[in-house]
Amino acid sequence: MDIELEKYILNHIEPEGDYLYRLYRATNIHTIHGRMASGHLQGRLLKMLVMMQRPRYVLEVGTFSGYSAICMAEGLSEIAPIMGARGDNGGAPKLFTFEINDEMEDFTRPWIEGSSVARFIDFRIGDALVEAPRLGVLFDMVFVDGDKRHYVEAYDKLLPIMSKGAIMLADNTLWDGHVVDNAYSKDQQTQGVCHFNDYVRQDSRVEVTILPIRDGLTIIRKK
Ligand SMILES: C[S@@+](CC[C@H](N)C(=O)[O-])C[C@H]1O[C@@H](n2cnc3c(N)ncnc32)[C@H](O)[C@@H]1O
């Protein structure tokens, strides 16, 4: 997107807040692929979607530095009073977020635990596609942001543990425009994203739309 237009957008949406600003900076300083973090615009969208969907349980595949997890938890903290939480997390909404790379834990856990919404986040190291089905809960919202080569596998494993009317968000589904660029047709991640986009489109159990925000964000609603 044009830089001026992006600046304009960021000046006309809810501010990121100091904590997330510092986390984004720290992510970019201390990790190699800092730009994987959602950032201001997508973070505000995730929070907004949580407030609109009002989920009891949210699942995230791929915590990385915790940026998107904190944004979604901010949404949960807004809806918690409406959902009749008792304040001890007994009936409060909750985000389970999984990170497969255990080397991220030392960086990410303090940021999550130091955030004002930590009580809404259950951060676990492990493969979300293996661990999430073992939790025994139905998710009302799922954010798939893990390995692009396994998006179809993620979809097949997670759709059955989503409630009717739940939404799945899948990030990076335009993959920097590579989905329409033949030069990348042999790239495994591009192939994974393209396969996923085709696969979801033909599935009559869901409705799907793609937002051209950032790197492409697919919204899938389970009928
Ligand atoms: C793009 S980053 C996530 C960014 C983060 N969601 C955000 O928006 O700030 C992707 C992360 O997913 C992790 N990952 C990949 N496959 C996974 C899986 N099956 N379960 C849990 N984490 C996974 C990777 O190690 C990486 O840290």
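Described in the following lines is the structure provided in the data block. (Residues numbered from 1 in each chain as written. Predicted model: local features only at pLDDT ≥ 70, side-chain atom pairs only at ≥ 80, totals over all residues. Heavy atoms only, no water.)

Moving on: the overall build of the protein. Within the protein, the regular secondary structure consists of eight helices and seven strands. Its C-alpha atoms give the protein a radius of gyration of 17 Å, within 12% of the compact-globule value 17 Å for 223 residues. The C-alpha extent of the protein, read off along each of the three principal axes, is 50 × 40 × 35 Å. Buried positions account for 48% of the 223 residues belonging to the protein. Relative to all contacts within the protein whose residues are 6 or more apart in sequence, the contacts with residues 24 or more apart total 75%. With 25 positive and 32 negative side-chain charges, the protein shows a spacing of 6 Å between the two charge centroids. (Helix = DSSP H or I, 4+ residues; strand = E, 2+ residues; numbered from the N terminus. Rg over C-alpha atoms; globule rule 2.2 N^0.38 Å. Buried < 20%, exposed > 50% of the residue type's maximum accessible area, 1.4 Å probe, protein only. Contact = heavy atoms within 4.5 Å. Lys, Arg positive; Asp, Glu negative; His and termini not counted. Charge placed at Lys NZ, Arg CZ, Asp CG, Glu CD.)

What follows deals with the site of the ligand. Surveying the vicinity of the ligand reveals 22 residues, the closest of which are Ser38, Gly62, Ser68, Glu99 and Asp145. In the model, a nitrogen atom of the ligand is placed 2.8 Å from a nitrogen or oxygen of the Ser68 side chain. Contact distances for the ligand include 2.9 Å between a nitrogen atom and a side-chain N or O atom of Asp127. When residues of the shell around the ligand are traced back to their parent elements, those giving at least two are strand E1 (57-61), helix H4 (67-79), strand E2 (94-99) and helix H6 (128-131). Among the residues making up the shell around the ligand, the classes are represented as 10 nonpolar, seven polar and five charged. (Near = heavy atom within 4 Å. Polar contact = N/O pair within 3.5 Å; in protein donor to acceptor, adjacent residues only side chain to side chain. Nonpolar A, V, L, I, M, F, W, Y, C, P; charged D, E, K, R; others polar.)

This brings us to the sheet that holds strand E6 (residues 206-211). Strand order in the open sheet formed by seven strands is E3-E2-E1-E4-E5-E7-E6, with mixed pairing between adjacent strands. Strands at the two margins of the open sheet, each flanked by one partner only, are strand E3 (121-125) and E6. The mean inter-strand angle of the sheet, taken between neighbouring strand axes irrespective of direction, is 15°. The pairing of E2 with E3 spans five bridges and is parallel. Its bridge partner being in E3, Thr97 is matched across the sheet by Phe123. (Pairing = 2+ DSSP bridges. Axes fitted to C-alpha atoms, helices over the stretch in contact; angles between N-to-C directions.)

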